[in-house]
Structures are given as structure tokens and as C-alpha cells.
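# Analysis of the macromolecular model
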Amino acid sequence: SGLLNGKNIVVMGVANDRSIAWAIARSLKAQGANLAFTYESERVEERVRKLAETMPGSLVLPCNVTSDEDIERLADALRESFGVLHGVVHSIAFAKTEELEGLYVNTSRAGFALAHDISAYSLTAVAQKLYPLMTEGGSIMTMTYLGAERAMPNYNVMGVAKAALEASVRYLAADLGQYNIRVNAISAGPIRTLAAKGIKDFNSILRQVEEKAPLRRTTDAEEVGDTAMFLMSHLSRGITGEVIYVDNGYHIVG
Ligand code: 0WD
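The structure contained in this document is the topic of the report that follows. (Residues numbered from 1 in each chain as written. Predicted model: local features only at pLDDT ≥ 70, side-chain atom pairs only at ≥ 80, totals over all residues. Heavy atoms only, no water.)

## Topic: the overall build of the protein chain
Regarding its fold elements, the protein chain presents nine helices and seven strands. Taken over the C-alpha trace, the protein chain has a radius of gyration of 17 Å; the compact-globule value for 254 residues is 18 Å, and the two agree within 12%. Per-residue burial for the protein chain yields a buried fraction of 53% across its 254 residues. Of the contacts made within the protein chain by residues no fewer than 6 positions apart, 75% connect residues no fewer than 24 positions apart. About 11800 Å² of surface is accessible on the protein chain, with carbon and sulfur atoms providing 51% of the total. (Helix = DSSP H or I, 4+ residues; strand = E, 2+ residues; numbered from the N terminus. Rg over C-alpha atoms; globule rule 2.2 N^0.38 Å. Buried < 20%, exposed > 50% of the residue type's maximum accessible area, 1.4 Å probe, protein only. Contact = heavy atoms within 4.5 Å. Areas by Shrake-Rupley, 256 points an atom, 1.4 Å probe, with all protein chains shown as cover.)

## A look at the layout of surface pockets
Size it by volume and the largest pocket reaches roughly 1100 Å³. For the largest pocket, the lining is made up of 43 residues, of which Ser91, Ile92, Ala93, Phe94 and Ala195 are closest to its centre. Mapped by element, the contributors of at least two residues to the lining of the largest pocket are strand S2 (34–39), helix H2 (42–53), strand S5 (138–144), helix H5 (156–176), helix H6 (194–197) and helix H7 (202–212). The greatest single-element share of the lining of the largest pocket, amounting to three residues, is contributed by H6. The volume enclosed by the second largest pocket comes to roughly 240 Å³. Around the second largest pocket, the lining comprises 14 residues; the ones closest to its centre are Lys7, Gly137, Gly138, Asn180 and Arg182. (1 Å grid on protein atoms, 1.4 Å probe; cavity = no way out; pocket = protein on both sides within 12 Å on 5 of 7 lines; lining within 4 Å. Points joined across faces, edges and corners; volume = space filled by probe spheres on them.)

## Observations concerning H2
End to end, H2 covers 17 Å across 12 residues, agreeing with the expected 16 Å (1.5 Å per residue, within 8%). In this fold, the buried residues of H2 make contact with helix H1 (20–30), S2 and strand S3 (59–62). (Expected span 1.5 Å × (residues − 1).)

## Observations regarding the site of the ligand
Close to the ligand lie 27 residues; Ser19, Ile20, Asn64, Ile191 and Thr193 are nearest. Contact distances for the ligand include 2.8 Å between an oxygen atom and a backbone N or O atom of Ile20. Ile92 is positioned with one of its backbone polar atoms (N or O) 3.3 Å from an oxygen atom of the ligand. Surface burial for the ligand is 93%, taken as the share of its 870 Å² of free accessible area covered by protein chains. Because more than half of its atoms lie within 2 Å of the grid, the ligand is assigned to the largest pocket. (Near = heavy atom within 4 Å. Polar contact = N/O pair within 3.5 Å; in protein donor to acceptor, adjacent residues only side chain to side chain. Sits in = over half its atoms within 2 Å of the grid points.)

## Describing the packing of helix H3 (residues 68–82) against helix H4 (residues 109–130)
Closest axis-to-axis distance for the H3/H4 pair is 9 Å, and the angle between their directions is 40 degrees. Classified by chirality, the crossing of H4 by H3 is right-handed. Every residue of H4 that contacts H3 at Ile71, Glu72, Leu74, Ala75 and Leu78 is listed here: Ala125, Val126, Lys129 and Leu130. Tallied by class, the residues present in the contact of H3 with H4 amount to seven nonpolar, no polar and two charged. (Axes fitted to C-alpha atoms, helices over the stretch in contact; angles between N-to-C directions. Left-handed = near helix turned anticlockwise from the far one by under 90°. Nonpolar A, V, L, I, M, F, W, Y, C, P; charged D, E, K, R; others polar.)

## Re the nonpolar core
As a rule of thumb, nonpolar side chains are buried together in soluble globular proteins. Ranked by size, the top nonpolar core spans 36 residues in total, and within it Leu28 and Phe37 carry the most contacts. Only strand S1 (8–12), H1, S2, H2, S5, strand S6 (181–188), helix H8 (221–232) and strand S7 (243–246) provide two or more residues apiece to this core. With seven residues, the single largest contributor to this core is H1. One finds Cys63, Leu85, Leu130 and Leu176 within the second-largest nonpolar core, a separate group that totals 33 residues. (Core = buried A, V, L, I, M, F, W, Y, C linked by side-chain atoms within 4.5 Å.)

## With respect to the pattern of salt bridges
The full count for this structure, using the stated rule, is eight salt bridges. A salt bridge links Asp70 to Arg73, with the shortest nitrogen-to-oxygen separation between them at 3.2 Å. Placement of the pair is Asp70 and Arg73 together in helix H3, with a separation of three residues, close to one helical turn. Residue classification places Asp70 among the buried residues on the basis of a relative accessible area of 16%. Of the charged contacts, one joins Arg79 and Asp76 as a salt bridge, the two residues approaching to 3.3 Å between their closest N and O atoms. (Salt bridge = Lys/Arg side-chain N within 4 Å of Asp/Glu carboxyl O.)

## Looking at the packing of H4 against H5
Helix packing for two helices is described by the angle between their axes and how far apart those axes are. As a packed pair, H4 and H5 sit with axes 9 Å apart at the nearest point and diverge in direction by 20 degrees. When the interaxial angle is binned, H4 and H5 end up roughly parallel. Once H4 is placed against H5, the crossing between them reads as right-handed. Two secondary-structure elements touch here, H4 through Gly111, Phe112, Ala115, His116, Ser119, Ala120, Leu123, Thr124 and Ala127 and H5 through Val157, Met158, Val160, Ala161, Ala164, Leu165, Ser168, Val169, Leu172 and Leu176. A breakdown of the residues in the contact of H4 with H5 according to their chemical character gives 14 nonpolar, five polar and no charged. (Parallel < 35°, antiparallel > 145°, perpendicular 65-115°, else oblique.)

Next comes the structure, spelled out in C-alpha cells:
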């Protein structure tokens, strides 16, 4: 028996086995959740299917979050398979690599728009189309980073998009609380993933965390996974509109 028995949860943002979304899925599965995975494009479909096959009974559905049509189709597919939805894990972000180095002041209009569309607006778009399926209440969560609050080297436009994402969490929480739907974010310390590869000097960021974080180590995806499990569960029923740090304490000293 698990904390998430009978809970239907959609996990968005698995790209490979290093993805934070995949660690989250493992923690959710360990507590008995029924999972649906979405993939961005054919580029990652095969990898996501292979991973999902290791969790028998999981659904695998396409959804590029830049497309309202895709999100509507996702809502229809989830309604058909699950009926009721209890949880949404949003673990998606994107910016062009050239916007993730050098000076923020050089950010292009198109680069700004793209980063905000995929990394911030997509949470609202997904919540808008999926909350009607959460008829028994539910939990929506997303992934953010300290660069939302501080000007950090190279994070640039992604930091500005994460600030919009964190504000969206508060507005969505205010809107959806009346339906007993909670909306929160996890602010994770740096973890070596595909997305992290795009950030210049990522190794030196990891070294700084090892030196300065109160717990003197970098964040494991599993640590994020277990906090996500808590946010999806009844244990966190009093928490909404919040940003929870899973960063070994770095943000209090760094
Ligand atoms: O240090 C880190 N890795 C941290 C990541 C620290 C704190 C926060 N985060 C955040 C990221 O900003 C992101 O929001 O966690 C989330 C997950 O990131 P990740 O697990 O580090 O990276 P990755 O495994 O690359 O997953 C992100 C995925 C994309 O992967 P790629 O690398 O193929 O772009 O987001 C998905 C895609 O699978 N994605 C999309 N999904 C649907 N539609 C789209 C899209 N348009 N664009 C990207």
C-alpha cells in the first residue's frame, strides 16, 4: 500500500533517464500512483516509451506544450483513460543556448518569447485544460530555480521566465484553491541533466554548491522526486502557492 494508491498523475518533461521528471515518476510509482507520461516530439518518444515500459500500465501520450491543440488532445486522452485526474507534474523548460551565456542585456525578442512560452506560460496552459478533470481535488507542481530571484551568471532569460513561472504558481493557486486543487513549485539545486548541459560553466556551479551548501553536497534528482511525491500526496494538503527549496540549503547561504 502506498500514499498515492488510486491517484492518476500526468508527468510532463521526461526526456531521458536523467530527467528530474523521471526521478519524480519513480518516487510516485513507489507509492502506487497510476502514471501518464507526455513527450515533446518524436525526437524523444522512443526513449520515453522505453522508460515507461519499466512501469507497466503507464500511459504514453504526445504533448508539445507550445501547441494548445496538443494540450486539448492530452486533456481528452486523459479524460478517456483516467476519467478523474489527481496530479500534474510539469517539469519542462527551454531557452536557446545562445541566450544562456554572456549578458542578459543581449536577449532577443524572439528568444525571450520562446523561453517564456515554453518555460512559464505552458504551466498556465496545462492547468487551464487539465483542472476540469481534477474533480476530486488535486495537486499541480512545477520545477523552478534560484535564478528566478537572483541574477545568476548565464541563467539569464531563463531566470526571468522562472520568475514568471513562480508568480504563475501563486495566481493559479489563488484561482484553483476553491476546487481543492493545490499549485506549488520545487526550487531544485543544480542537477546534471540534458537541460543543464545548455548552461555555461555548470561544473563550477556544482562545485560552489558542494563548498557552500549547509549539507555540503549537490542535489540528487531522487531528493526532488521524494519532495514531489509529498506534494502529490495528502501529506501536503495544507500547502499551496508555495516554492519549496530542495537544494541542500544552498539558497540560505549562497
Ligand atoms: O539543474 C537542473 N537540472 C534544474 C532544473 C534545477 C532547477 C530546476 N530545473 C528545472 C528545469 O528548468 C525544468 O523546468 O527542472 C525542469 C526539468 O529539467 P531537467 O530534468 O533538468 O531537464 P531535461 O531532462 O532536459 O527535461 C526538460 C524537458 C525537455 O528536455 P529537452 O532537453 O529534450 O529539451 O522539457 C521538455 C523536454 O522533454 N520540453 C518540452 N516538453 C513539451 N513541449 C518542450 C515542449 N515544447 N520543450 C522542452
